[in-house]
Amino acid sequence: TCALPIWKPLKNMSVQSKIYGWQGPYVKTEAANQFKRLSAVVDANIEADVRLSHLFTAWLQVNNIFNQAYQRWYQYPVVGLQIVGGIRLNFQGIK
């Protein structure tokens, strides 16, 4: 895992990317006492936050940027490119 430094292109915005890499684990197949190794993977992600006010922050996260097809666990394929976003409410900002 490698998390690159947080970049602040604007005063109220932050961007960070993370790169995960692992060599596939050995898994037992349906055949008796047979093992195989899943493929190695490099998975790159990026996320951005924009602080809209002292109460609200909008965020966007893009996972598996290269849209790789792989199995993190045997027979459980990873969804390709994923884009997720939302609004965060800061309850500490409420008085």
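A. Spotlight on the side chain of Asp43. Relative to the assigned elements, Asp43 resides in strand 6 (residues 41–51). A residue is classified by how much of its surface remains accessible, and Asp43, at 9% relative accessible area, is buried. A polar contact is formed between the side chain of Asp43 and the backbone nitrogen of Asn64, at a distance of 3.3 Å. Within polar-contact distance, the side chain of Asp43 engages the side chain of Tyr70 at 2.7 Å. Once you skip the residues sitting within four places of it in the chain, Asp43 turns out to touch Lys18, Ile19, Tyr20, Trp22, Asn64 and Tyr70.

B. Here's a closer look at the side chain of Gln16. Within the fold, Gln16 resides in strand 3 (residues 13–22). From its side chain, Gln16 meets the backbone oxygen of Leu4 in a polar contact 3.2 Å long. The residues touching Gln16, leaving out its near neighbours within four places in the chain, are Ala3, Leu4, Ile6, Asn45, Ile46 and Glu47.

C. Structural detail: the pattern of salt bridges. Summed over the entire model, instances satisfying the criterion amount to one salt bridge. Across the salt bridge formed by Arg88 and Asp49, the nearest N and O atoms sit 3.5 Å from each other. Note that Arg88 is positioned in strand 10 (residues 82–89) and Asp49 in strand 6, a separation of 39 residues in sequence.

D. Summary view of unusual backbone geometry. Although it is not a glycine, Asn64 adopts a positive phi angle of roughly 55 degrees. Secondary-structure assignment places Asn64 in the loop between strand 7 (56–63) and strand 8 (71–73). Judged by its relative accessible area of 1%, Asn64 falls in the buried class. You will see that Asn67, though not glycine, has its phi angle at about 55 degrees, which is positive. Relative to the elements of secondary structure, Asn67 occurs in the loop between strand 7 and strand 8.

Rules behind the numbers
- Residues numbered from 1 in each chain as written.
- Predicted model: local features only at pLDDT ≥ 70, side-chain atom pairs only at ≥ 80, totals over all residues.
- Heavy atoms only, no water.
- Helix = DSSP H or I, 4+ residues; strand = E, 2+ residues; numbered from the N terminus.
- Buried < 20%, exposed > 50% of the residue type's maximum accessible area, 1.4 Å probe, protein only.
- Polar contact = N/O pair within 3.5 Å; in protein donor to acceptor, adjacent residues only side chain to side chain.
- Contact = heavy atoms within 4.5 Å.
- Salt bridge = Lys/Arg side-chain N within 4 Å of Asp/Glu carboxyl O.

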